[in-house]
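# Residue-level structural notes
Residue-level listing of the chains:
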Amino acid sequence: MKQRTFLTTLALFLLFFNLGIFIVSVAMFKDTVKRAEDRSLGEHYFIASALIKDIKAVESRGTKIDGSLSSLLQPYSYLSGDNKVGLAFYKNNQLIYSSKDTDVQRSNFLIPPSNGNRLVTIRKVDKKTYVIVSGKLPSPYASYTLVYQYDTTEAINSWSDLKNLLFIAGFVLSVLLALGLLLVLNRIFRPLKQITQTSKDIANGAYETRLSISGHDELTEMSHSFNYMAEEIQRHMTELKDAADKKQQFVDNFAHELRTPLTAIYGYAEYMQKAVLSEDDRLSALNYIMSESRRLQTVAYQLLELANLQNNQITFEELKVSGLFEAVRQTLYGKLSGKDVQIEFHSQIETIRGDFCLMESMLINLLDNAIRACSKGGHIIVNAAKEAGRKTISVRDNGKGMTPEVLAQITEPFYRGEKSRNRSDGGAGLGLSLCKQITSSHNAELSFSSRPGEGTTAKITFTTQ
Amino acid sequence: MASILIVEDEVAINELVKRNLQLVGHQCNSVFDGNAAVQEIQCRSYDLIILDIMLPGLDGFEVIEQANKTPTIFLSAKNSMPDRIKGFSMGADDYLTKPFEMLELLARVEAVLRRTQRTASCFEAGNVKIDFSSHQVFHNGQSVECTPKEYELLEVLVNNRNIALSRERLLELVWGYDFEGDTRTVDVHIQKLRKKLEWEDRIKTVYKLGYRLEVSR
């Protein structure tokens, strides 16, 4: 592009510039020639008319003119002091006088037109340019022909020098123009080059590369849109990467969640098969096998439930909040017996719309987490109320709370706050994923707020009804 | 024999590893998190650490930095190449992924112990004594002549004592994968060992499985 612009501009310039020089030269040449011709014609006329007067004077004295023509013409030969003028005189095509350069004169003798007009020609002889005017004397001396020759070499030469100078100047100017053009084009195309480089960098994965922006022209505007595009691409890439990371995390966690019980089950079975065991050893190995199988079963069940929830529509019905709370309280009764944790249920709304089983399972999950977060003397409040015109159910505990980083990820499947994924205070990490899925299939929102050491609040906000 | 520290937060697996190592006569100690592991390493010297990576408190990589060059086998559910490479580059002697087989764990433990020269060079049971360094077997103080295969079979049995080994596994471990004989070869060699060492009741035939060398723990 740059090269093409450069070449086209340069070619166009050279064409017009040289054409201009050419036209000027031609005009000057014509002018030079015309002036020489005019001057020659003038002189010729002057000499011819003076000569006729002289001839008449000589004739009136009764002398034959043929013999005295040389002396008559002599003074005119000196008309110009610089030997530029030559004269020749013919009678019936016979040369009777010539001031100089006879050979030239003879070879350049021209028959003037018969109607008495004069003939002007330009001849080039031996590197010299002559303007030759030949014309007959008016009658009765029509048999005489006067040839006037003017050496205009100098004028032609000076024109030629000027013309050469013009072309040389033209060449120098062209070179200067080419350099200037190159400079200007480089400057104009620099942003484009930068854009090219930046796009390459971005394509190669350096998504944070941006164009530097200066000025207020179209290129600046383009740079702005380019940078915007780069930003969007980077954002999308980050999103994709996050999604891939999350997926990888899910797979890793899932694998871990399967591998650990499988290792234990296989290991204890192998142990029972190959080792000599006491009755106690045998029973404890069997216990491990059973508890680990149950763990696998739970994971499988929860995963299945999660998949089902994602695919199936739920049936909405009018639920009594008090009935829901009662069912939850009864289920949790067993879990609470060993722990010193109190749960309070408050309800300021009568009913909600939803699936009873799913709602119950979600509340149990949330309360399970709350109970686990609480130490001795824990206090949990379950509250159903209207907030800003929307029905909400919140579960608030005064347990250990969570950091914002943990809070951001708790609904990811298999996520656990504890990085070792120890099971001592948690299940497979699917509970909150399930809760989230249940709320979203109820067109509700599940939100958490928590501060380490001060407890956590989980809130379900129903957007419908 | 060797004293081994097991660092694994899953109680079931910790217990499993411990039981298996104890079967073949190692002394084991279990801890369930990274901080306890570091404390334990600083208090006592161990011949070997079996270390999980995902641990509460300090993780396995942080623990191995404090391990003072004690031979270490990583036992992890993480089986990606970067994790393995990180494990080895941090000085692990071996890397085993879950799920694993008991015999494989024992073989690797044995290999690491042999390499780090901390395994006992002698084994004694009743009136039989085996000197591993000189490959000699004594019965009632008398040297017993063994063919190379008999000696290798004996060594495998001793290293996996109290664990039943199938005939196929014995063939694989002693004669190698590409051995073309059948499992009768194993029976013949077992008979010879029983006779030479008077081990008729120590090398038990396990019904439908194979053989087990039983030694009181």
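Along each chain, residue indices are assigned from 1 in the same order as the chain's sequence is written. For naming, the first written chain is A and the first written ligand is 1, with later ones following in the order written. Local features are withheld for residues below a pLDDT of 70 in this predicted model, meaning they are given only at 70 or higher, and side-chain atom pairs are given and counted only at 80 or more; totals for whole chains, interfaces and linings count all residues. Processing note: side-chain calculations cover all non-hydrogen atoms of the structure and skip hydrogens and water entirely.

Filter applied, for reference: UniProt positions are given in the numbering used here, feature names are shortened, and annotations may be inferred rather than shown by experiment.
Identification of chain B as Stage 0 sporulation protein A homolog from Ruminiclostridium papyrosolvens DSM 2782 is taken from an unreviewed UniProt entry. Chain B has a UniProt comment under Function (unreviewed entry) that states "May play the central regulatory role in sporulation. It may be an element of the effector pathway responsible for the activation of sporulation genes in response to nutritional stress. Spo0A may act in concert with spo0H (a sigma factor) to control the expression of some genes that are critical to the sporulation process."

Under an unreviewed UniProt entry, the name given to chain A is histidine kinase, and the source organism is Ruminiclostridium papyrosolvens DSM 2782. The annotation that UniProt attaches to chain A under Subcellular location (unreviewed entry) is "Cell membrane". Check the Catalytic activity (unreviewed entry) section of the UniProt entry for chain A; it says "ATP + protein L-histidine = ADP + protein N-phospho-L-histidine."

## What to know about the pattern of salt bridges
Short version of the rule: One speaks of a salt bridge when a side-chain nitrogen belonging to Lys or Arg is within 4 Å of a carboxyl oxygen belonging to Asp or Glu. Secondary structure elements follow DSSP: runs of H or I of four or more residues count as helices, runs of E of two or more count as strands, with numbering from the N terminus. Only protein chains enter the accessibility calculation, which uses a 1.4 Å probe; a residue whose area is less than 20% of its type maximum is buried, one above 50% is exposed, and one in between is partly exposed.
This structure, assessed with the given rule, holds 26 salt bridges over all chains. Salt-bridge contacts for Glu279 of chain A lead to Arg282 of chain A; the nearest nitrogen and oxygen are separated by 2.9 Å. Highlighted residues: Glu279 of chain A and Arg282 of chain A, both in helix H6 (residues 279–311), separated by 3 residues, approximately one helical turn. Between Glu214 of chain B and Arg212 of chain B there is a salt bridge, and its shortest N-O distance comes to 3.0 Å. Neither Glu214 of chain B nor Arg212 of chain B differs from the other in exposure class; each is buried.

## Re the interface of chain A and chain B
Accessible area lost on assembly of the parts is the figure often given for the size of an interface. Using the following cut-off: Contact definition: two residues touch when any of their heavy atoms are within 4.5 Å. Each of two parts loses accessible area, computed with a 1.4 Å probe, when they are put together; buried area is these two losses added. Each polar contact in these results corresponds to two N or O atoms within 3.5 Å; when the atoms are within protein, one needs to be able to donate a hydrogen and the other to accept it, and residues that are neighboring in sequence are counted only if both atoms are side-chain atoms.
Each partner contributes to the interface: chain A provides 26 residues, whereas chain B provides 30 residues. In total, about 2,500 Å² of surface goes out of reach between chain A and chain B, with carbon and sulfur atoms giving 56% of it. Of all residues in chain A, Arg259, Thr263 and Lys274 of chain A bury the most surface against chain B, accounting for 25% of the area lost on that side. At the junction of chain A and chain B, the tally comes to 1 salt bridge. Across the pair Glu10 of chain B and Arg295 of chain A runs a salt bridge, and its minimum N-O distance is 3.3 Å. Linking chain A with chain B are 10 residue pairs in polar contact (both at pLDDT 80 or more), by the criterion used here.

## What to know about a nonpolar patch on the surface
Residues and elements named next belong to chain A. For the record, the criterion: Residues enter patches when their relative accessible area tops 30% and they take part in no salt bridge; the joining distance is 9 Å for like charges and 5 Å for the nonpolar side chains Val, Leu, Ile, Met, Phe, Trp and Tyr. Computed with a 1.4 Å probe, the accessible areas rest on the Shrake-Rupley method; for each residue, only the protein chains presented here act as cover.
On the surface, a nonpolar cluster with roughly 760 Å² of combined accessible area is contributed by Leu12, Leu15, Phe16, Leu19, Phe22, Ile23, Val26 and Phe167. Ranked by residue count, the leading element in the nonpolar patch is helix H1 (residues 2–60), at 7 residues. Considering the arrangement of structural elements, one finds Val26 in helix H1. Using a relative accessible area of 33% as the deciding quantity, one classes Val26 as partly exposed.

## Some points on the sheet that holds strand S8 (residues 136–139) of chain B
Residue and element names in this part refer to chain B. We count it as follows: Any two strands between which DSSP finds at least two bridges are classified as paired. Between N-to-C directions, angles cover 0 to 180 degrees, with each direction set by a line fitted to C-alpha atoms, over the stretch in contact for helices.
Here we have 4 strands laid out as an open sheet, ordered S6-S7-S8-S9, and antiparallel in their pairing. The sheet is open, and its two edges are formed by strand S6 (122–125) and strand S9 (142–144), each paired on a single side. The average undirected angle you get between the axes of adjacent strands in this sheet is 25°. Here S8 runs beside S9; their pairing, made up of 3 bridges, is antiparallel.

## Quick look at the pairing of strand S12 (residues 455–462) of chain A
All names here are of chain A. Of all 8 residues that make up S12, 6 are buried, and the element is covered over most of its length. Note: strand S10 (residues 390–397) against S12, 5 bridges, orientation antiparallel. Directly across from Thr392, in S12, lies its bridge partner Thr461. As judged from the 8 bridges shared by strand S11 (residues 444–451) and S12, these two strands associate in the antiparallel manner. From the neighbouring strand, Glu445 faces S12, where its bridge partner is Thr461. Counted between consecutive antiparallel strands, the loop separating S11 from S12 contains 3 residues, among which Gly453 sits at a positive phi close to 85°.

## Overview of the environment of Glu445 of chain A
Mapped onto the fold, Glu445 of chain A is located in strand S11. Sequence separation of Glu445 of chain A and Thr392 of chain A is 53 residues, and the distance between their C-alpha atoms is 9.4 Å.

## Things to note about unusual backbone geometry
Lys98 of chain B connects to Pro99 of chain B through a cis peptide bond whose omega is -5°. Assignment of secondary structure puts Pro99 of chain B in the loop between strand S5 (94–97) and helix H5 (102–115). One non-glycine residue, Asn443 of chain A, lies in positive phi territory at about 55°. One can find Asn443 of chain A in the loop between helix H10 (431–441) and S11. The backbone of Asn140 of chain B shows a phi angle near 55°, a positive value even though the residue is not glycine. Following the sequence through the fold, Asn140 of chain B ends up in the loop between S8 and S9. A residue is classified by how much of its surface remains accessible, and Asn140 of chain B, at 49% relative accessible area, is partly exposed.

## What about the sheet that holds S11 of chain A?
Residue and element names in this part refer to chain A. As summarised here, the arrangement of the 5 strands in space is S7-S9-S10-S12-S11, forming an open sheet in which the pairing is mixed. Among the strands making up the open sheet, the edge pair consists of strand S7 (341–347) and S11. Averaged over all pairs of adjacent strands, the angle between strand axes in this sheet comes to 15°, irrespective of strand direction. Running at roughly 30° to S10, helix H8 (residues 356–373) makes contact with S7, strand S9 (378–387), S10, S11 and S12 of the sheet.

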